[in-house]
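# Chains, contacts and geometry: an overview
What follows is each chain in one-letter form.
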Amino acid sequence: MIFKSINPFSQEVIAEHEVLTNIQLNKKLQLSESAFKKWKTTSFQERAGKLQNLAHVLRENKGKLGLLITNEMGKILPESIAEVEKSAGNCDFYAENAEQMLKDEYYDTPFKSMSVYDPMGAVFAIMPWNYPFWQVLRYAAPAIMAGNVTLLKHAPNVIGCAKAIESAFLEAGFPEGIFQQISIDIPQVESVIASDIVCGVTLTGSEMAGSSVASLAGKHIKKSVMELGGSDAFIILNDADLEKAATVATQSRMLNAGQACICAKRFIVTEKVADEFAALFAQKVQLLQQGNPLQDGIQMGPLARLDLADKLAEQLEKSLQQGAKLIVGGEREKCNFQPTVIDFVDSNNVAFQEETFGPLATIIRAKDENDAITIANNHRYGLASAIWTKDRENALQLARKIEAGNVFVNSLVRSDSRIPFGGIKKSGYGRELGTIGIKEFMNMKSLIIE
Ligand SMILES: O=CCCC(=O)O
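It should be emphasised that the depicted structure is a prediction, and the values quoted were computed from it without experimental measurement. (Residues numbered from 1 in each chain as written. Predicted model: local features only at pLDDT ≥ 70, side-chain atom pairs only at ≥ 80, totals over all residues. Heavy atoms only, no water.)

### Thoughts on unusual backbone geometry
- With phi around 55°, Ala 257 is a residue other than glycine that occupies positive phi space.
- Checked against the element boundaries, Ala 257 lands in the loop between α9 (242-254) and β11 (264-270).
- Given the relative accessible area of 5%, Ala 257 is considered buried.
- Within the chain, Asn 410 stands out as a residue other than glycine whose phi angle is a positive 50°.
- Note that Asn 410 resides in the loop between β19 (406-409) and β20 (424-425). (Helix = DSSP H or I, 4+ residues; strand = E, 2+ residues; numbered from the N terminus. Buried < 20%, exposed > 50% of the residue type's maximum accessible area, 1.4 Å probe, protein only.)

### Here we look at the UniProt feature "domain: Aldehyde dehydrogenase" (unreviewed entry) in the protein
- Cross-referencing UniProt, the feature "domain: Aldehyde dehydrogenase" (unreviewed entry) maps to residues 3-446 in the present numbering.
- Summarising residues 3-446: 43% helix, 22% strand, and an end-to-end C-alpha distance of 45 Å. (UniProt positions renumbered as here; feature names shortened; annotations may be inferred.)

### Examining the sheet that holds strand β3 (residues 105-106)
- Spatial strand order, β3-β4-β22: 3 strands in an open sheet with antiparallel pairing. The open sheet is flanked by β3 and β22 (442-449), the only strands paired with a single partner.
- Sheet topology places β3 next to strand β4 (residues 112-119); 2 bridges connect them, and they run antiparallel. The residue bridging Glu 105 from the neighbouring strand is Ser 115, located in β4. (Pairing = 2+ DSSP bridges.)

### Notes on the pairing of strand β5 (residues 122-126)
- Among the 5 residues in β5, 5 count as buried, and that is most of the element.
- Of the two faces of β5, the one carrying Ala 122, Phe 124 and Ile 126 and the one carrying Val 123 and Ala 125 are both buried.
- The sheet contact formed by β5 and strand β6 (residues 149-153) spans 5 bridges and is parallel. Residue pairing for β6: Phe 124 is matched across the bridge by Leu 151.
- This β-α-β element, β5 to helix α5 (residues 134-145) to β6, shows right-handed connectivity.
- With 5 bridges connecting them, β5 and strand β8 (residues 198-204) associate as parallel partners. Paired with Phe 124 across the strands is Val 201, a residue of β8. (Right-handed = clockwise from strand over helix to strand, strands pointing away.)

### Let's talk about the site of the ligand
- In the vicinity of the ligand, the residues found are Lys 86, Asn 130, Tyr 131, Trp 134, Gln 135, Arg 138, Ala 260, Cys 261, Ile 262 and Ser 415.
- Measuring from an oxygen atom of the ligand, one finds a side-chain N or O atom of Gln 135 at 3.4 Å.
- One nitrogen or oxygen atom from the main chain of Cys 261 is found 2.9 Å from an oxygen atom belonging to the ligand.
- Within the complex, the protein chains bury 95% of what would otherwise be the 250 Å² of accessible surface of the ligand. (Near = heavy atom within 4 Å. Polar contact = N/O pair within 3.5 Å; in protein donor to acceptor, adjacent residues only side chain to side chain. Areas by Shrake-Rupley, 256 points an atom, 1.4 Å probe, with all protein chains shown as cover.)

### Quick look at the nonpolar core
- If you look at the biggest cluster of nonpolar residues, it comprises 148 residues, and the most contacted ones within it are Leu 54, Leu 58, Phe 124, Phe 234, Ile 235 and Phe 277.
- Among the elements that make up this core, the one with the highest residue count is α5 (9 residues).
- Both of domain 1 (2-228 + 427-449) and domain 2 (232-416) provide at least three residues apiece to this core.
- Look past the residues within four positions of Leu 54 in its chain and what remains in contact with it is Cys 91, Leu 137, Ala 168, Phe 169, Ala 172 and Phe 174. (Core = buried A, V, L, I, M, F, W, Y, C linked by side-chain atoms within 4.5 Å. Domains from an automatic or database assignment. Contact = heavy atoms within 4.5 Å.)

See below:
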């Protein structure tokens, strides 16, 4: 069996990658085990030196790696290069901070008591194609700094990126087996999870993939972190700076051609300012230049695969049948989906209920502030949200009422190495990034000494 990398803009097959046989997979698992035995004994200093080398290798090659990302999944070249830089930044962050984050913790007891953090083995990662470098370095940098090793099953359409990341680790001086990419098919996933060397599973992907992988992790008593879908609310209140909100709304929905879990998907606007916001938003979305992601000046490339464009087109058609009004875009040619805005969406509409993974923005009109929060929370997902208002105090009160893992006020929702990231409800559980991110796959061992 082979996985094909297909350039979504040209539809050319750019590479073919063979799926590992079970014998080859077992060898990789054995290599993980022997690599872990040595790696867990290395000092933070040694690991940090290698991770900083990796950051350097990524930055030195950002042009070439950026081009690979764009060719495999279609995002515009500047976004691809920025993704490589952000990944390098995450390596630096954990290289600099891991030792402090994992220092022993002492307790106030009449006897001596403390907790120490031990690495546990191989973190098995199942990662998506939308940020093929960032999603990987986001979990791998902390896992490896903590003394764990890792096995990556990347999405079949970005195996070239997976191989390039593995090569970058080797070029940075990491011993073989610390980071391994494994091109495997879905039926092989359980054997990896079941393997004794695997201490846990981290998955970024769809709710359906999360549910089945989390079940397997449960069956084999392995910890899991799930970063799943989202339908983030972008709430605009009467006193918001509408011009700025519309600019950030455009960015937040359309970046990466709308293919991010944390793209704003539901624009919930209070009635008083809804017409004005809709007009500003439509104007900005209409100006976006869509086309060849390698061409200067292009702001949005194609969707990553034809089936994704088919699904979005279907969601758009249904939502219009259900009463939404098309105000911008709506056309689609192969993987190129016009940036689109629909208005007068209600909570029964498919574009409200389902995650829309592409450049389709939905405007929902709310009676007032309380209604806006109720609408935002009336959803199966709870990844992130944004609130736009000039009243910062009120914003903080409202932010506390939002059911999501992250809430941003007057700002673009984004991930940041320093800040925990993850969701609730069907958006998953566990956290990546920050201090909590590095502790997810550690044995917090308590020591009590009388
Ligand atoms: O797809 C979601 C991840 C986006 C990010 O971490 O910035």
